[in-house]
Amino acid sequence: TAEVGKKAIDYLLKYSANRHNLEMDFFGGEPLMAFDVVKEVVEYARSKEKEYNKNFRFTITTNGLLLTDDKIDFINKEMHNVVLSIDGRKEVNDRMRFHVDGSGCYDQIMPKFQKLVKARGDGQYYVRGTFTKFNKDFAEDVLHFYEKGFDQISIEPVVTDPKLPYALTEEDLPEVFAEYERLAKIIIEKRKNGEFFNFFHFMIDLDQGPCAIKRLRGCGCGNEYVSVTPEGDVYPCHQFVGKPEWIMGSVHDQSLNTEIKDSFAKTTVYTKPECKNCWAKFYCSGGCNANNLEYAGSIKKPYKVACELEKKRLECAIMIKAALAD
């Protein structure tokens with residue numbers, strides 16, 4: 001509701017201390033199903049900026065089905081970033097995302113995303129896909145997005161119960177590694193020919209890198225950000241939602257459990273024994289806390305499949321940097 005959204009703004013104002021730039025992501029579910037709430041919360045936040053000396057930067061993540069011209073106009077005016085969620089090529093998307101009658105949604109979504117990005121100009125966005133066991137040739141999805149006019153692209157590996165038929169498991173890693181390398185070589189070739197697109201997981205800074213605390217802690221869950229549920233509960237991030245033992249507080253009474261906050265703050269690569277001797281530890285910082293908990297049993301125990309994928313992506317990012325160096 002708008003009430004919970006406004007209280008989330010109040011919560012952020014209360015706990016953000018002297019930080020000037022504040023960020024809020026409307027994320028779901030599907031936020032376009034409650035777009036009046038989105039608009040009301042944005043308006044409320046804007047009304048507080050001057051009073052609190054804050055600058056709000058909004059992001060919205062959408063599957064695009066409910067996009068209309070007026071929503072596109074509002075998003076491009078108010079949203080600092082927008083994440084456009086579509087799995088990949090038509091056959092890839094429609095296999096996983098379909099209506100109740102079984103028909104796919106690609107043909108509805110793609111023209112709307114193209115229209116939004118064209119109207120957005122230089123504004124930030126990502127078109128965000130997912131690869132599963134069914135589309136381990138995901139470089140084709142990246143190229144498909146590029147051919148459709150997108151130059152800011154992310155294709156994420158699915159993270160789910162390994163028993164599900166589309167789950168990625170350790171046995172899939174050699175194929176996935178080969179595909180990352182193929183994609184890296186495609187990017188090198190295209191850039192040498194004057195073409196350009198960003199692939200999110202190959203973006204790497206080998207010169208300066210993030211600040212020391214980011215290298216140590218990586219994921220900022222419970223400290224740099226939190227997630228607020230429709231009921232007003234506060235969790236370390238959206239992937240902890242539904243695990244009541246991880247509730248950090250509530251926007252209704254503005255409460256905050258600092259013990260949970262501090263436990264994440266103290267979780268670094270040096271508290272994860274399996275990370276200590278890893279060459280990539282200061283780039284992945286031990287991986288996603290939520291995935292580690294769900295699939296390895298502890299926020300301090302890295303999820304092996306995610307680790308191996310991250311190392312391969314880093315190798316490819318370094319390869320691209322080396323190949324394109326002056």
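Placed above this text is the structure.
All figures in this text were calculated on a predicted structure; none of them were measured in a lab.

1. Points about unusual backbone geometry
1) Next: With an omega of 5°, the peptide bond between glycine 28 and glycine 29 qualifies as cis.
2) Next: With respect to the helices and strands, the residue glycine 29 is situated in the loop between strand E1 (21-26) and helix H2 (35-52).
3) Next: Look at asparagine 53: it is not a glycine, yet its phi comes out positive at around 55°.
4) Next: Mapping asparagine 53 onto the fold places it in the loop between H2 and strand E2 (55-62).

2. Structural notes on the pairing of strand E3 (residues 79-85)
1) Next: Where burial is concerned, most of E3 is hidden: six out of the seven residues are buried.
2) Next: Pairing analysis gives five bridges linking E2 to E3, with the strands arranged parallel. Bridge pairing links threonine 59 to asparagine 81 in E3.
3) Next: With helix H3 (residues 69-78) bridging E2 and the parallel E3, this β-α-β connection has right-handed handedness.

3. So, the environment of valine 251
1) Next: Within the secondary structure, valine 251 is located in the loop between strand E9 (249-250) and strand E10 (255-256).
2) Next: Valine 251 gets classed as buried once you look at its relative accessible area, which sits at 1%.
3) Next: Remark: the alpha-carbon pair of valine 251 and glycine 5, spanning 246 residues in sequence, is separated by 9.0 Å.
4) Next: Those residues within four positions of valine 251 in sequence are excluded, and the remaining contacts are Val4, Lys7, Ala8, Tyr11, Val228, Gly232 and Val234.

4. Examining the layout of surface pockets
Over the atoms, a rolled probe matching the size of one water molecule traces out where space is still vacant.
1) Next: Each pocket or cavity is described by its volume, and for the second largest pocket that value is around 220 Å³.
2) Next: Around the second largest pocket, the lining comprises 16 residues; the ones closest to its centre are Glu274, Pro302, Lys304, Cys307 and Glu308.
3) Next: Residue assignment for the lining of the second largest pocket shows that the elements contributing at least two residues are helix H10 (281-284), helix H11 (289-296) and helix H12 (304-324).
4) Next: The element contributing the most residues to the lining of the second largest pocket is H12, with five residues.

5. Focus: the sheet that holds strand E5 (residues 152-157)
1) Next: Taken in spatial order, the six strands line up as E1-E2-E3-E4-E5-E6 in an open sheet, and their pairing is parallel. Strands at the two margins of the open sheet, each flanked by one partner only, are E1 and strand E6 (198-199).
2) Next: Against the sheet, H2 engages E1, E2 and E3, with an angle of about 165° to E2.

6. So, the side chain of serine 16
1) Next: Position of serine 16 among the secondary structure elements: in the loop between helix H1 (2-15) and E1.
2) Next: There is a polar contact of 2.8 Å between the side chain of serine 16 and the backbone oxygen of leucine 12.
3) Next: Here the side chain of serine 16 touches leucine 13 through a polar contact of 3.4 Å, landing on its backbone oxygen.

7. Concerning the sheet that holds E9
1) Next: Strand order in the open sheet formed by four strands is E7-E8-E9-E10, and the pairing between neighbours is antiparallel. Every other strand in the sheet has two partners, leaving strand E7 (227-228) and E10 as the edge strands with one partner each.
2) Next: Two strands pair when backbone bridges link them, and E7 and strand E8 (residues 233-235) are joined in this way by two bridges, in the antiparallel orientation. When the bridges of E8 are listed, valine 228 appears paired with valine 234.

8. A look at the packing of aromatic side chains
1) Next: A complete count under the given rule lists 17 aromatic pairs for this structure.
2) Next: Plain terms: the ring middles of phenylalanine 131 and phenylalanine 138 are 4.1 Å apart, the flat faces sit at 15° to each other, and that makes the pair stacked.
3) Next: Judged by its relative accessible area of 0%, phenylalanine 138 is buried.
4) Next: Relative to phenylalanine 150, the ring of phenylalanine 145 has its centre 6.3 Å away and its plane inclined at 90°; by these criteria the two rings are edge-to-face.

What counts, and at which threshold
- Residues numbered from 1 in each chain as written.
- Predicted model: local features only at pLDDT ≥ 70, side-chain atom pairs only at ≥ 80, totals over all residues.
- Heavy atoms only, no water.
- Helix = DSSP H or I, 4+ residues; strand = E, 2+ residues; numbered from the N terminus.
- Buried < 20%, exposed > 50% of the residue type's maximum accessible area, 1.4 Å probe, protein only.
- Pairing = 2+ DSSP bridges.
- Right-handed = clockwise from strand over helix to strand, strands pointing away.
- Contact = heavy atoms within 4.5 Å.
- 1 Å grid on protein atoms, 1.4 Å probe; cavity = no way out; pocket = protein on both sides within 12 Å on 5 of 7 lines; lining within 4 Å.
- Points joined across faces, edges and corners; volume = space filled by probe spheres on them.
- Axes fitted to C-alpha atoms, helices over the stretch in contact; angles between N-to-C directions.
- Polar contact = N/O pair within 3.5 Å; in protein donor to acceptor, adjacent residues only side chain to side chain.
- Phe/Tyr/Trp six-rings, centres within 6.5 Å; stacked < 30°, edge-to-face > 60°.

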